[in-house]
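Working through the structure, step by step
Listed here are the chains, written in short residue letters.
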Amino acid sequence: MPNNSHHHPGATSPDHPGTSGIWTFVFIDMVIFFLFFGVYISERQRLPDIFLSSQHQLSPLVGLVSTMALLTSSWAMAEAVRALRENKIARAGCALNWALALGAVFIVNKLFEYGGKFGHGITPLTNGFFTFYFLITGLHFLHVTGTMIFMTHCRVRLGVEAGALTYRKKLENVGLFWHFVDVLWLFIFPMLYLTELVG
Amino acid sequence: MRIWLALLGLTGVSFLLAEQLAVRTVAIVAIFLIAALKAEFVIEHYMEARAAERHWLVMYFAWVTAVTLLLVWGHTA
């Protein structure tokens, strides 16, 4: 008689956060960003004066606000997952609202920053630093907006699907990716914004 | 809540260190080490990597270490 409880390696386990696929996907994305960072560093060493003078045109305070918004949003997302596991649906919904609102703060902040740059005639073609600035923060921005679309879907479906294991896994997966987006920013922030402050 | 407060606090500290520390190399090492510590906090406490299959924790922490070394080397060499 076949054992129906047999668990295929790599399949979804109710005991592990998220699914095996999301951990793999995040790691592949990590490797891609590692390569971007590597090329950035390589170009920075080739053109140190251009990179340093261009970095002075970024506002560390704008970067700080983005960091605080993402860190807090990440915490709210973790709270949403925790609340769902404890079957506290209203609390999960409230936490998801906060995660989305703070993600929106990040997006608005970033759009103002981009607007300011374009307003001063700074584009990805201005110099090597700004090519990387727009490429790295732009890709990160796409990760943020893309994940927020999935977060919104989870928020909308919460009332209908909250009890299902598939929904819990979906929310955990979206949460894992949201935290990864946060982790990326934790390195982008000092790399682009903080090192300019160093004497 | 404690982790979130620690993350915000460490962010503030790294901002202050970048502004205040006179020795460039020390400041660079400090701000990227703080970034690495924050990343490990998020991976461990928010992503719950310890509850996932063991190799993910090892690989994610290895990535954090590799990125930190790359960025420190790239800004100090």
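Before any of the text, the structure's been laid out above.
In this text, all values refer to a predicted model and were calculated from it rather than measured experimentally. (Residues numbered from 1 in each chain as written. Chains lettered and ligands numbered in written order. Predicted model: local features only at pLDDT ≥ 70, side-chain atom pairs only at ≥ 80, totals over all residues. Heavy atoms only, no water.)

Of all hydrophobic cores here, the largest spans 92 residues; its most connected members are Phe37(A) and Phe187(A). Among the secondary structure elements, those contributing two or more residues to this core are α1 (20–46), α3 (60–85), α4 (89–119), α5 (128–161) and α6 (165–194) of chain A together with α1 (2–20), α2 (24–46) and α3 (54–76) of chain B. At 19 residues, α6(A) tops the list of elements feeding residues into this core. Excluding its chain neighbours within four sequence positions, the residues that come into contact with Phe187(A) are Phe37(A), Phe32(B), Ala35(B), Ala36(B), Ala39(B), Trp63(B), Val64(B), Val67(B), Thr68(B) and Leu71(B). (Core = buried A, V, L, I, M, F, W, Y, C linked by side-chain atoms within 4.5 Å. Buried < 20%, exposed > 50% of the residue type's maximum accessible area, 1.4 Å probe, protein only. Helix = DSSP H or I, 4+ residues; strand = E, 2+ residues; numbered from the N terminus. Contact = heavy atoms within 4.5 Å.)

Residue and element names in this part refer to chain A. Tracing the backbone through its elements, the reader meets Thr152 in helix α5. Between the alpha carbons of Thr152 and Leu100 there is a distance of 7.4 Å; along the sequence they are 52 residues apart. Among the polar contacts made by the side chain of Thr152, one reaches the main-chain carbonyl oxygen of Met148 at a distance of 2.7 Å. (Polar contact = N/O pair within 3.5 Å; in protein donor to acceptor, adjacent residues only side chain to side chain.)

Each partner contributes to the interface: chain A provides 46 residues, whereas chain B provides 42 residues. Both sides of the chain A and chain B interface together cover about 4,100 Å² of buried area, and 76% of this is carbon and sulfur. It is Trp23(A), Trp75(A) and Phe187(A) that lose the most area in chain A upon contact with chain B, and together they represent 18% of the buried surface on that side. Summed over the shared surface of chain A and chain B, the number is 1 salt bridge. The salt bridge involving Arg85(A) is made with Glu48(B); its shortest N-O contact spans 2.8 Å. Inspection of the region where chain A meets chain B yields 6 residue pairs in polar contact (both at pLDDT 80 or more). Contributions of two or more residues to the side of chain A that touches chain B are made by α1, α3 and α6 of chain A. Of the residues forming the side of chain A that touches chain B, the biggest block, 15 residues, is contributed by α1(A). Its residues placed into classes, the side of chain A that touches chain B shows 30 nonpolar, 11 polar and 5 charged. (Buried area = accessible area lost by both parts, 1.4 Å probe. Salt bridge = Lys/Arg side-chain N within 4 Å of Asp/Glu carboxyl O. Nonpolar A, V, L, I, M, F, W, Y, C, P; charged D, E, K, R; others polar.)

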